[in-house]
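Examining the three-dimensional arrangement
What follows is the residue order along each chain.
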Amino acid sequence: MNKILLIIQREYLSRVKKKSFIVMTLLTPIIFAAFYGIMIYFSIQGIKGSSNKIAVVSSNNTLTEQLTPTKNTNYVYVKQSLADMKAQLGKTEYDYLLYLPDFPLDAPAGIQLIGKKQAGLNLNTRVADDIEAIIRTQKLKASGIAQEDLDKLRASVEIDTKKIGESGEDEDSSAGASTVIAYVGGVLMFMFILLYGIQVMRGVIEEKTSRIIEVMISSVKPFQLMMGKIVGIALVGLTQFILWIVLTGIISTAVVKVYTGGKDLKETTISKDQASTTSKTTTVQEKEEVKALKEATANSPIGNIQKSLANLDVTKIVILFLFFFLGGYLFYSALYAAIGSAVDSETETQQFMFPMMMPLLLGYSLSLSVVTNDPYGNMAFWLSMIPFTSPIAMMVRLPYGVPDWQLALSMVLLIAGFIGTVWVASRIYRVGILMYGKKTSFKEMIKWFTYKN
Amino acid sequence: MLRVNNIVKQYAAHRALDDVSLQVEQGKIFGLLGPNGAGKTSLIRIITQITAPDSGEVIFNGQRLNSSHISQIGYLPEERGLYKKMEIGDQVLYLAKLKGLSTAEASKRVKYWFEKLNMGSWWNKKVEDLSKGMQQKVQFVATVLHQPELIILDEPFSGFDPVNAEVIKNEILELNKQGATFIFSTHRMESVEELCDNIALIHRSKKILDGSVTDIRNHYRNNTYWVEYNGDFDTDAPSAVFDVLQKNVVESKTTLKVKLKEGQSANQLLALLLPVVNIHRLDEVIPTMNDIFINQVTAKD
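Everything in this summary refers to the structure shown in the same document. (Residues numbered from 1 in each chain as written. Chains lettered and ligands numbered in written order. Predicted model: local features only at pLDDT ≥ 70, side-chain atom pairs only at ≥ 80, totals over all residues.)

**Topic: the overall build of chain A**
For chain A, the helix and strand inventory stands at 16 helices and 6 strands. Of all 453 residues assigned to chain A, the portion counted as buried reaches 29%. Across chain A, the fraction of contacts at a sequence separation of at least 24, relative to all contacts at a separation of at least 6, is 72%. (Helix = DSSP H or I, 4+ residues; strand = E, 2+ residues; numbered from the N terminus. Buried ≥ 20, exposed ≤ 12 C-beta atoms within 10 Å, placed from the backbone. Contact = placed C-beta atoms within 7 Å.)

In structure tokens form, the structure reads like this:
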């Protein structure tokens, strides 16, 4: 037992002390934080960018209802002629110029949306909808319906996705955010298992090619050496993962604080400036715009993630991630150790790598397609039960909610699975590490498996 | 101290060891000889508990070999290596601790050996920065560091220059004097004659010869002598005493290699020669281990 600890210690320290490990561990959270920052930046920019100021030139005499400014499109009626406005376009504050020619209400035609840049489909539809709405309003009024009745008819529809939890209470959830978390969890799990599994294989091959293996095996049992390596590298993975979480947390909070703090300050100064130079109405409008912007930020993917993260019980997800990482890693790394023991050099691993990666890749791609679409279906269930795919599939299913009994069953199966692979691998390993100069096949490995000690 | 009783080891279609028994005496240097692929390494791997025999047993100091003996055995395999990226000092410490030494004890001994073999400045070097011979030295230290009672060396001199080979040879002899028993596997027969007290020859999975080096060499004497003389002696005439195997004449000096016939002795040969020639020398040809090795191995083929 003492020897296993010594091996674990060496495997752990020799990797953690490496420059590449330190660089990767420090750099990744910075990259994560930068990515996070960029996402926030673009979601805010995206909302800002879609808010347009449109000058309306109307030579229409029948349409008396006026277009009212909405969240993203600000209509301003101007007195100038179309030709004047066209000439001024680009120099004025207006992004677009909307021309409403004289048309009968029954057949609106000849409406133009002019801008320096081509108006997007989105904007086009919005403006068309707005015009259709005022035509309808005017027609309704003409048929004798009062304004107040019309107001009663108007309703703003927003869909809140809710999910009934185990306890029967409904919880706020966001399908989008769950999907994002599912993706991130699945991809991370896939990466971690593959990355550290391959490190185990490399370590075994290194011991074999440097021929230290025989010296080692005369001091310790092959099983001790294999398990020491696997556990040592698992600890490296855990160290890295925990450092990433802590560092990402610190950096992200710092970045978000600095960013939002500065933002608020800027907003107030803008409003003040606006208030002193422009008329009262525009100030109100600007304020509304800022409010809308904040709302939009809260409703953006980032806002959603933050909101549903709060509901999703992050601790549970992180703990389960660690469990399934350890389980999946142990499951696969034992197999990788067996492969490493069977070959003489890394180039020879190719023929074994593919069949070994197949279930992992399959689990990965099926989890991210089938499971995210139908997280409660049969396919999702089986993928999250079979140890070959369960670490990834379970991570993907988690944000959508998994019944406790399924979670427990999957965990038990995974533990049974890695005990199985460790057992199989150790039988192949003890023979493989002392075999040189032979091209190994799967058939050969099965033969080794059946050898007596 | 070590008894190997009727060991059989089967690998799929190949029988690596077939009913091999031998005995290594306390404090002796034991040579394990045999051509490539004879089964030497398989036997060593069983003694070092890397593999287990299919049948038969190994008795170490009166006990059946078990894992408590690991710390009393030091093994330098023929195919040996070190962790390339690890510092030498740490590496030897690690290997010593795996043999059961405490950190303090291990580092004390590592320092002692590094000092003794002029390796003091190597502590922080990485293996990849050392020459092959230097690596061998490190490996030798790692093998003997935990003061094992039994030290098994597989081709210990390969890769050493003559100076370092001599250094290692003296260390082996010194350790032997202090009481360590050695099993020594090699193809270099001159070092067997020089170092070994006893040998066993393994060929095609079977032990075909064992005993003390002196006994074996005496056993394989076959009444052959070198004779050197001045003068004329008719060697072509048939003789009841000897057959001439080889004859060289340099100027007036003649050198003969003769095999005496059954029941004849060197005295009879001298009686024939003395009246006729001036004898310079007469000595018996005692077969070298090399001759015996080749003789035995080819005879069985």
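**Examining the nonpolar core**
By size, the foremost hydrophobic cluster in this structure holds 126 residues, and its most contacted members are Ile-230, Ala-334, Ala-337 and Ala-338 of chain A together with Val-92, Ile-152 and Phe-184 of chain B. Counting residues in hydrophobic clusters, the runner-up holds 9 residues, among them Ile-54, Met-85, Tyr-94 and Val-127 of chain A. (Core = buried A, V, L, I, M, F, W, Y, C linked by C-beta atoms within 7 Å.)

**Observations concerning the sheet that holds strand E3 (residues 29-33) of chain B**
Residues and elements named next belong to chain B. On the basis of which strands lie adjacent, the open sheet formed by 6 strands has the order E6-E7-E8-E3-E9-E10 and mixed pairing. A single partner strand is all that each edge strand has here, and the edge strands are strand E6 (73-76) and strand E10 (206-212). Neighbour-to-neighbour, the strand axes of the sheet open up by a mean angle of 15°, direction not taken into account. Where strand E7 (residues 150-154) meets strand E8 (residues 181-185), 5 bridges bridge the pair, whose relative direction is parallel. Bridging across to E8, Leu-150 finds its partner in Thr-181. Along the sheet, helix H1 (residues 40-47) makes contact with E3, E7, E8 and strand E9 (198-203), crossing E7 at roughly 155°. Along the sheet face, helix H9 (residues 289-300) touches E3, E9 and E10 and points at about 25° away from the line of E9. (Pairing = 2+ DSSP bridges. Axes fitted to C-alpha atoms, helices over the stretch in contact; angles between N-to-C directions.)

**A look at the pairing of strand E12 (residues 242-250) of chain B**
All names here are of chain B. Taken together, the 8 bridges between E12 and strand E13 (residues 253-260) define a ladder with antiparallel strand orientation. Paired with Gln-246 across the two strands is Lys-257, which belongs to E13. Here E12 folds back onto E13, and the loop between the two strands holds 2 residues, one of which, Glu-251, carries a positive phi near 50°.

**Regarding helix H14 (residues 390-397) of chain A**
Most of H14 of chain A is tucked away: 8 of the 8 residues are buried. Taken together, the buried positions of H14 of chain A are Ser-390, Pro-391, Ile-392, Ala-393, Met-394, Met-395, Val-396 and Arg-397 of chain A.

**Some remarks on the sheet that holds strand E5 (residues 63-64) of chain B**
Working definition: the strands of a sheet are paired by backbone hydrogen bonds and lie parallel or antiparallel to each other. Residue and element names in this part refer to chain B. The 4 strands are arranged E2-E1-E4-E5 in an open sheet whose pairing can be described as antiparallel. Edge strands, defined here as strands with exactly one partner in the open sheet, are strand E2 (14-24) and E5. Pairing geometry for strand E1 (residues 2-11) and strand E4 (residues 55-60), over 5 bridges, is antiparallel. Among the inter-strand pairings, Leu-2 is bridged to a residue of E4, identified as Phe-60.

**Quick look at the interface of chain A and chain B**
Listed per partner, the contact involves 16 residues of chain A and 19 residues of chain B. Within the residue set of the side of chain A that touches chain B, elements represented by two or more residues are helix H1 (2-16) and helix H7 (213-217) of chain A. Among the elements that take part in the side of chain A that touches chain B, H1 of chain A stands out by supplying 4 residues, more than any other. Its residues placed into classes, the side of chain A that touches chain B shows 6 nonpolar, 5 polar and 5 charged. (Nonpolar A, V, L, I, M, F, W, Y, C, P; charged D, E, K, R; others polar.)

**A word on the packing of helix H2 (residues 88-98) of chain B against helix H3 (residues 103-116) of chain B**
All names here are of chain B. The interhelical angle for the contact between H2 and H3, taken along N-to-C directions, is 130°, at an axis separation of 9 Å. Considered as vectors, H2 and H3 are oriented oblique to each other. When the axes of H2 and H3 are compared, the crossing they make is right-handed. Touching Gly-89, Val-92, Leu-93, Ala-96 and Lys-97 of H2 are Thr-103, Ala-106, Ser-107, Arg-109 and Val-110, all from H3. (Parallel < 35°, antiparallel > 145°, perpendicular 65-115°, else oblique. Left-handed = near helix turned anticlockwise from the far one by under 90°.)

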